[in-house]
Amino acid sequence: MPQIYYCETDELRGFWQQGMALVTEKRREKAQRLIKEEDRLASLGTGLLLKCVLNISSDKDIKYNEHGKPYFEHGKYFSVSHSGNIAVLAVSDDEIGIDIERLRKPNERIIRRCFTEAEAEFAEKSNQNFTRIWTEKEAVLKLLGKGLAFPPKSFSLIPGQEKYDVLDIRFGIFCTEINKMPLSAAFCGSNSAFVIRKLSAVEMLEI
């Protein structure tokens, strides 16, 4: 069964050094380069989710395909995302992609470059519609693992459709909210039931 884990990164304030000691070297370097505290905590939270759930504490545990998509050598598929004070990790026995975004107004540049006509018509109706479609597109792109080599406008996501076929890959899309932020997970396999669990700073830091 696919699982989604998330943390509220505000809880990590005051545990910076303790948390940084648990994540991979690349994660530490990435977090330290970020200027805003919110972004640093989000990056740290992502690394701690990977450590807590998949026991990834070394860069050697994570491999990358030719387009930069990360994968775990030891059986599980995973995908990560963060926005605001929420970091999320999706784990599955099949390919998966996840995205979470703060609720935002329709962005005409994104709509023009990334959305099909049907998606644009849906997205322009409300902030909720726009953000939902955007998270779905991002989740699917992560699932496909092609990066910028595959244009987001080359496929269309019609709300309410149960299954999609893109690049001979059949997948579904699970949509929900965490702290009022739209979240979408694109998943392969037949199991559309997701378990969602919050991990506290205490659990992730093993305090």
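In what follows, the accompanying structure is described. Remember, predicted model here, so these are calculated numbers, not experimental data.

Judged by pairing direction, the sheet is antiparallel, and its 4 strands sit side by side in the order β6-β9-β8-β7 without closing on themselves. Taken across any chain shown, the strands that pair with only one partner, and hence form the sheet edges, are β6 (96–100) and β7 (164–166). Taken over all neighbouring pairs, the strand axes of this sheet differ in orientation by 30 degrees on average, direction set aside. Helix-sheet contacts for helix α6 (residues 127–144) involve β6, β7, β8 (169–178) and β9 (181–187), and the interaxial angle to β6 is about 150 degrees.

It is worth spelling out the sheet that holds strand β4 (residues 77–83) at this point. Within the open sheet, the 4 strands sit side by side as β4-β5-β1-β10. Their pairing is mixed. Unpaired on one side and paired on the other, β4 and β10 (195–198) mark the two borders of the sheet. Direction aside, the axes of adjacent strands within the sheet are offset by 15 degrees on average. Where strand β1 (residues 3–8) and strand β5 (residues 86–92) come together, 6 bridges link them in antiparallel fashion. When the bridges of β5 are listed, Gln3 appears paired with Val91.

One pass over the full model with this rule turns up 6 aromatic pairs. Ring geometry for Phe174 against Phe194: centres 4.4 Å apart, planes inclined by 15 degrees, an arrangement best described as stacked. Taken as a pair, Phe174 in strand β8 and Phe194 in the loop between β9 and β10 lie far apart in primary sequence, 20 residues in all. Judged by centre distance (5.3 Å) and plane angle (75 degrees), the ring pair of Phe187 and Phe194 falls under edge-to-face. Here Phe187 and Phe194 have matching classes, each one buried. Here the aromatic cluster, defined as three or more aromatic residues joined through ring pairs, consists of Phe115, Phe130 and Trp134. When the ring centre of Phe155 is taken as origin, the NZ or CZ atom of Lys137, which lies over that ring, is 4.2 Å away.

A few words on helix α3 (residues 37–54). In this model, α3 (18 residues) spans 25 Å end to end at C-alpha, consistent with the 26 Å of a helix rising 1.5 Å per residue. Those residues of α3 that fall on the buried side of the exposure criterion are Leu41, Ala42, Ser43, Leu44, Gly45, Thr46, Gly47, Leu48, Leu49, Leu50, Lys51 and Leu54.

Here we take up a negative patch on the surface. Judged by side-chain charge, Glu108, Glu117, Glu121 and Glu124 come together as a negatively charged surface patch. Mapped onto the fold, Glu124 is located in the loop between α5 (117–123) and α6.

Quick look at the nonpolar core now. Core analysis: the biggest nonpolar cluster contains 23 residues, and Leu12, Leu48, Leu49, Leu54, Ile56, Phe78 and Met204 have the highest contact counts within it. Elements that contribute at least two residues to this core include exactly β1, α3, β5 and α7 (201–205). For this core, the leading source of residues is α3, giving 6 residues. If sequence neighbours within four positions are ignored, Leu54 has contacts with Leu49, Phe72, Lys76, Phe78 and Val91. Ranked by size, the runner-up nonpolar core spans 15 residues in total, among them Ala90, Leu183, Phe187 and Phe194.

Turning our attention to the pattern of salt bridges. Side-chain pairs of opposite charge can arise whenever the charged atoms involved come near each other. Inspection of the entire model under this criterion finds 14 salt bridges. The partner of Arg102 in a salt bridge is Glu38, and the shortest N-O contact between them spans 2.5 Å. Of this pair, Arg102 sits in the loop between β6 and α4 (108–114) while Glu38 sits in helix α3, and the two are 64 residues apart along the sequence. Accessibility expressed as a relative area gives 41% for Arg102, which makes it partly exposed. Assessed through its relative accessible area of 30%, Glu38 is described here as partly exposed. For the salt bridge of Arg197 with Glu203, the shortest nitrogen-to-oxygen distance reads 2.6 Å. With a relative accessible area of 40%, Arg197 lands in the partly exposed category. According to the relative accessible area criterion, Glu203 is partly exposed, its value standing at 32%.

Quick notes on the rules
- All residue numbers refer to positions counted from 1 along the written sequence of the respective chain.
- For a predicted model such as this one, the threshold for reporting local features is a pLDDT of at least 70, and the threshold for listing and counting side-chain atom pairs is 80 or more; totals across whole chains, interfaces and linings nevertheless cover every residue.
- As a rule here, side-chain values come from all non-hydrogen atoms in the structure, and water together with hydrogens is ignored.
- Think of it this way: DSSP has to see at least two bridges between two strands before they count as a pair.
- Strands here are runs of E lasting at least two residues and helices are runs of H or I lasting at least four, both read from the DSSP assignment and numbered beginning at the N terminus.
- Axis lines are fitted through C-alpha atoms, for helices just across the contact stretch, and the angle between N-to-C directions can take any value from 0 to 180 degrees.
- The contact definition used throughout considers only heavy atoms, calling two residues in contact when any of these lie within 4.5 Å.
- Any two of the Phe, Tyr and Trp rings considered here, Trp counted by its six-membered ring, make a pair once their centres fall within 6.5 Å; the pair's planes then place it as stacked at under 30 degrees, edge-to-face at over 60, or tilted in between.
- With a 1.4 Å probe rolled over the protein chains alone, any residue whose accessible area is under 20% of its type maximum counts as buried; one over 50% counts as exposed, and the rest are partly exposed.
- Two conditions define a charge located above a ring, namely a distance within 6 Å from the ring centre to NZ of Lys or CZ of Arg, and an angle within 35 degrees of the ring normal.
- Expected helix span is taken as 1.5 Å per residue step, with the number of steps being one fewer than the number of residues.
- Patches in this entry comprise residues that are over 30% relatively accessible and not in a salt bridge; like charges within 9 Å are linked, as are nonpolar side chains (Val, Leu, Ile, Met, Phe, Trp, Tyr) within 5 Å.
- Where accessible areas are quoted, they stem from the Shrake-Rupley method and a 1.4 Å probe; at the residue level, only the protein chains shown are allowed to cover.
- By definition here, a salt bridge exists when the distance from a side-chain nitrogen of Lys or Arg to a carboxyl oxygen of Asp or Glu is within 4 Å.
- Under the convention used here, Asp and Glu are negative, Lys and Arg are positive, and both His and the chain ends fall outside the count.
- Think of each charge as sitting on NZ of Lys, CZ of Arg, CG of Asp or CD of Glu.
- Definition used in this section: a nonpolar core is a set of buried Ala, Val, Leu, Ile, Met, Phe, Trp, Tyr and Cys residues joined via side-chain atoms within 4.5 Å.

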